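Residue-level structural notes
Read off the chains here:
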Amino acid sequence: MCEILEIDHLVVERAGHVVLDDVSFVLHKGDVAAIIGPNGGGKTSFLMSILGLLQPKSGSIRVFGEEPAAARSRVGYVPQVHTFDFSYPMTVREMVLTGRLGHVPGLVKRYRESDYAAAANALAAMDMTGYESRPIAELSGGEQQRAVISRALAGCPELLILDEPTVYVDGPTGERLMTLLEDLRERMTVLMVTHDISAMSGHVNRVACLNRKLFTHDTDRITGDMVAAAYGCPVELITHGQVPHRVLARHDDSEGGER
Ligand SMILES: Nc1ncnc2c1ncn2[C@@H]1O[C@H](COP(=O)(O)OP(=O)(O)OP(=O)(O)O)[C@@H](O)[C@H]1O
């Protein structure tokens, strides 16, 4: 049986510069994986490569054993929430149904019972049942995020890829979102890019740190060494009660500062 995602010695260049350097990575069915790393470390380029939008200079990517473009219909993608126009006059149901468009046959798209059922299931998975008739403009930031994830889930993906799912939500909302994403593992494999180490800690079983090169860890506990390897500066992680914090040492190594 093939793996969900197999990346083998991948090198990707953008504008003549190597942005992914000899990256190898495997995702197994049911993994909930997070890619962390500094700005410009190559996280978006990594996702674009998996989606078939950037071509490797060398190495290979197989999604469900196929070229990324060939596997696209089995992959759900949730871009950063700011890329959506929430001022558009549309209800939550209408927005989530657009996630079915690739499944509706014919040139004149007419949703069927199965499309409405898939949209309802997707909303239920994101704890959004009851929001169907609400205008998307009136949702809170956390609700908007769950609506765009529902839209991707409506396409019934086997691999769900998310770019910064908790970037515009507060700590408790991010934590709730991560719990909902973790619950999807029975049905699909989840891969996300995030800066939010606090929210994802304890909800993922794979962590990879990307800073042009990829450092992978089969663990749901993120240590300072892992993050330091990716961010290129000393990092410690501490926990107060249930809330993990990260402490980045100053670059002159004189004194740490909590964030
Ligand atoms: N369209 C582009 N053309 C050329 N180079 C690009 C392009 N987009 C990104 N890059 C470069 O590729 C490298 C990786 O960028 P990328 O956006 O993948 O990183 P990232 O980890 O997603 O960053 P961030 O956390 O800031 O979103 C950076 O050096 C960036 O300048």
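The paragraphs below set out a description of the structure included in this document. (Residues numbered from 1 in each chain as written. Predicted model: local features only at pLDDT ≥ 70, side-chain atom pairs only at ≥ 80, totals over all residues. Heavy atoms only, no water.)

Moving on: the sheet that holds strand β4 (residues 58–63). Sheets are built from strands paired through backbone hydrogen bonds, the pairs being either parallel or antiparallel. Read across the sheet, three strands follow the order β2-β1-β4 without closing on themselves; strand pairing throughout is antiparallel. Where the open sheet ends on each side, the last strands, each with one partner, are β2 (17–27) and β4. Ignoring which end each strand starts from, the neighbouring axes of this sheet average 25° apart. Pairing analysis gives seven bridges linking strand β1 (residues 5–14) to β2, with the strands arranged antiparallel. The residue of β2 that forms the bridge with R14 is H17. Relative to the sheet, helix α1 (residues 43–50) contacts β1, β2 and β4, its axis offset from that of β1 by approximately 120°. (Pairing = 2+ DSSP bridges. Helix = DSSP H or I, 4+ residues; strand = E, 2+ residues; numbered from the N terminus. Axes fitted to C-alpha atoms, helices over the stretch in contact; angles between N-to-C directions. Contact = heavy atoms within 4.5 Å.)

Moving on: the pairing of strand β6 (residues 159–163). Burial of β6 is extensive: five of the five residues sit out of reach of the surface. The two faces of β6 match: L159, I161 and D163 on one face and L160 and L162 on the other face are all buried. Sheet analysis places strand β5 (residues 75–78) next to β6, joined by four bridges and oriented parallel. Each bridged residue has a counterpart across the sheet, and for V78 the counterpart in β6 is L162. (Buried < 20%, exposed > 50% of the residue type's maximum accessible area, 1.4 Å probe, protein only.)

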